[in-house]
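# Residue-level structural notes
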Amino acid sequence: MEQETLQTQQLKKRKLPKWLIALIVTPLVIIAIHFHFYPALKKEFHADQSVNPEATSYFLHASTVYIVWIGLPHEFLSIDYDSPLLKPFLLLRDYLFEKGEASMPPDNAEDAMWWLQNYGRMYGFSVEMRKDESMVIETLDKPTQRAIREKMYTYIIKLDKYGIKGVKSEKLAHSPAILMTYLIQGYCNNIEKMYDGDSNDQQFENFYTDTNTFSKLIKIYSAYDNSLKKYSFTNIDRPSEYNKQHLLGMTIWSLIYNVNIPKILCDSPELTEYLRLTSSLYSWASHPEQIKDDDLQRIAHAFMKESPRIPQKLPSAIIEAVSNECKLNDLNRNLIKTIQGVNNGR
């Protein structure tokens, strides 16, 4: 009996303290959960078809960290993206993503898809279950905004030039044109706010007087137009129209702002396309009760906030400028009349 008691006491002495058990078990649990989600993500993105297995593996690990240790706590525990609790996982996600990007060849835009997967929601480029503006792009400091938008610009051009080879995802996007739609929405969203100025008007002016503005906008529009023609897709007719209209409007206004209205603009197919898109979107968005899809309702609402019915907004300013300065052909003149007719409630 005494011997049994002695053995029991010795076992109790050897028992590991709770803090040490937690220290050992926690990493094992994290690793187990990570590798539970990893195969599912690998299957979703058809990673077995990767032409860059090393890069794809890094991107998969980065995405698993984002989904499990950033996305789930964000949505279900109401932890904002800028919380110190998420900082270690954000740094790990960034490290893995950068390793993947460093392994990517220059002739494949696979990294554009993974970037949207890992950063799109955080920067406010797609709708989330829980609203969180802690890291929405326009709230970040200007150097950070510039770096993010420059990366998106690079991805847009790369998607058009090379497309995505190997991996794909039906859930995220199955076409470079769809990926580009999300990237362009993010790139253009409140872009003038990353410029200095004491007012919105000053920021707007500084954006359009930047010598890089017109050059980048015309390249983005060209890349997007090419992708829409090159790849087949469904269910993004209105989003693509909205993006094209918004891009063209910014591009045309940049040209008007810097060199008034050259004759080449008055006779350009781009002006006709802009007016056609504006007319089509305005006729559609003016009847929100007929729009059943939530995402399309958001697009219609965004368009109407900047529509020709709002004085001094881009569409109304462009229509006024070209009406006053251009000798319009019959098609453009009729398009403007149609837009103004809808605008006046006729």
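That block above? That's the structure.
Let us look at the structure shown here. Computed from a predicted structure; not experimentally measured.

Okay, the overall build of the chain next. Check the secondary structure of the chain and you find 15 helices and zero strands. Counting every position in the chain, which comprises 346 residues, the buried fraction comes to 45%. Summarising the internal contacts of the chain: among those between residues at least 6 apart in sequence, 71% fall at separations of at least 24. Carbon and sulfur atoms form 55% of the exposed surface of the chain, whose accessible area is close to 19000 Å².

In this model, helix H3 (residues 53-76) (24 residues) spans 32 Å end to end at C-alpha, consistent with the 34 Å of a helix rising 1.5 Å per residue. Bending of H3 peaks at approximately 30° at the position of Ile 67. Backbone geometry just downstream of H3 places Ser 78 in the positive-phi region, at approximately 55°.

A few words on the side chain of Ser 254. Within the secondary structure, Ser 254 sits in helix H10 (residues 237-259). On the basis of relative accessibility, which here comes to 1%, the residue Ser 254 falls in the buried class. Ignoring sequence-local partners within four residues, the contact set of Ser 254 consists of Tyr 208, Thr 213 and Phe 214.

Moving on to the state of the cysteines. Using the criterion set out here, one finds one disulfide in the structure. Here Cys 266 pairs with Cys 326 through a disulfide, and the sulfurs are 2.0 Å apart. Of note, the bridge from Cys 266 to Cys 326 carries an S-S torsion of about -70° and is left-handed in sense. Residue Cys 266 is located in helix H11 (residues 263-266), and its partner Cys 326 is located in the loop between helix H14 (314-325) and helix H15 (330-343); the two are separated by 60 residues in the primary sequence. Accessibility assignment for this pair places Cys 266 and Cys 326 in one class, buried.

It is at 10 Å that the axes of H10 and H14 come closest, and there the two elements cross at 50°. The angle between the axes of H10 and H14 places the two elements in the oblique class. In this structure, H10 crosses over H14, and the sense of that crossing is left-handed. Within the contact between the two elements, H10 uses Gln 245, Gly 249, Met 250, Ile 252, Trp 253 and Ile 256 and H14 uses Leu 314, Pro 315, Ala 317, Ile 318 and Ala 321. Taken together, the residues of the contact of H10 with H14 break down into nine nonpolar, two polar and no charged.

For Leu 72, the location among the structural elements is in helix H3. Those residues in contact with Leu 72, other than ones at most four positions away along the chain, are Ile 67 and Leu 77.

Unlike most non-glycine residues, His 46 shows phi in positive territory, near 50°. Within the secondary structure, His 46 is located in the loop between helix H2 (18-44) and H3. With phi around 55°, Ser 78 is a residue other than glycine that occupies positive phi space.

To continue, consider a nonpolar patch on the surface. Together, Phe 37, Leu 72, Phe 76 and Leu 77 make up a nonpolar patch on the protein surface, roughly 400 Å² of accessible area in all. Secondary-structure assignment places Phe 76 in helix H3.

Okay, the environment of Ile 191 next. Within the fold, Ile 191 resides in the loop between helix H7 (176-188) and helix H8 (200-209). Sequence separation of Ile 191 and Phe 207 is 16 residues, and the distance between their C-alpha atoms is 8.0 Å. In this structure, Ile 191 is in contact with Arg 149, Phe 207 and Met 250, ignoring residues within four places of it in sequence.

At their nearest, the axes of helix H5 (residues 110-119) and helix H6 (residues 142-162) sit 9 Å apart, and the two run at 140° to each other. By the angle between their directions, the pair H5 and H6 is classed as oblique. The crossing of H5 and H6 is left-handed. The residues of H6 that touch H5, namely those facing Asp 111, Ala 112 and Trp 115, are Ile 148, Lys 151, Met 152, Tyr 155, Lys 158 and Leu 159. Residue composition of the contact of H5 with H6, by class: six nonpolar, no polar and three charged.

Turning our attention to the packing of aromatic side chains. All told, the structure shown has 16 aromatic pairs when counted by the stated rule. Seen from their ring centres, Phe 59 and Trp 114 are 5.9 Å apart, and the 20° between their planes marks the pair as stacked. With Phe 59 in helix H3 and Trp 114 in helix H5, this pair connects stretches of sequence that are 55 residues apart. This pair shows no difference in class: Phe 59 is buried, exactly as Trp 114 is. An aromatic cluster of three or more residues is present, and its members are Phe 45, Phe 59, Phe 97, Trp 114, Trp 115, Tyr 119, Tyr 123, Phe 125 and Tyr 155. One residue, Arg 146, lies across the ring of Tyr 195, its end atom 4.7 Å from the ring centre. Its end group placed over the ring of Tyr 153, Lys 216 keeps NZ or CZ at 5.1 Å from the ring centre.

To continue, consider the pattern of salt bridges. When the charged atoms of two side chains lie near each other, side chains of opposite charge can form a pair. Counted under the stated rule, the structure contains 16 salt bridges. A salt bridge links Asp 225 to Lys 229; the shortest N-O distance between them is 3.1 Å. You can see Asp 225 and its partner Lys 229 sitting in helix H9 (residues 211-230), four residues apart, about one turn around the helix. Owing to a relative accessible area of 64%, Lys 229 belongs among the exposed residues under this scheme.

Analysis parameters
Residues numbered from 1 in each chain as written. Predicted model: local features only at pLDDT ≥ 70, side-chain atom pairs only at ≥ 80, totals over all residues. Heavy atoms only, no water. Helix = DSSP H or I, 4+ residues; strand = E, 2+ residues; numbered from the N terminus. Buried < 20%, exposed > 50% of the residue type's maximum accessible area, 1.4 Å probe, protein only. Contact = heavy atoms within 4.5 Å. Areas by Shrake-Rupley, 256 points an atom, 1.4 Å probe, with all protein chains shown as cover. Expected span 1.5 Å × (residues − 1). Bend = angle between axes of the 7 residues up to and from the residue. Disulfide = S-S within 2.5 Å. Axes fitted to C-alpha atoms, helices over the stretch in contact; angles between N-to-C directions. Parallel < 35°, antiparallel > 145°, perpendicular 65-115°, else oblique. Left-handed = near helix turned anticlockwise from the far one by under 90°. Nonpolar A, V, L, I, M, F, W, Y, C, P; charged D, E, K, R; others polar. Patch = residues over 30% accessible without salt bridge, like charges linked within 9 Å, V, L, I, M, F, W, Y side chains within 5 Å. Salt bridge = Lys/Arg side-chain N within 4 Å of Asp/Glu carboxyl O. Phe/Tyr/Trp six-rings, centres within 6.5 Å; stacked < 30°, edge-to-face > 60°. Lys NZ or Arg CZ within 6 Å of the ring centre and 35° of its normal.

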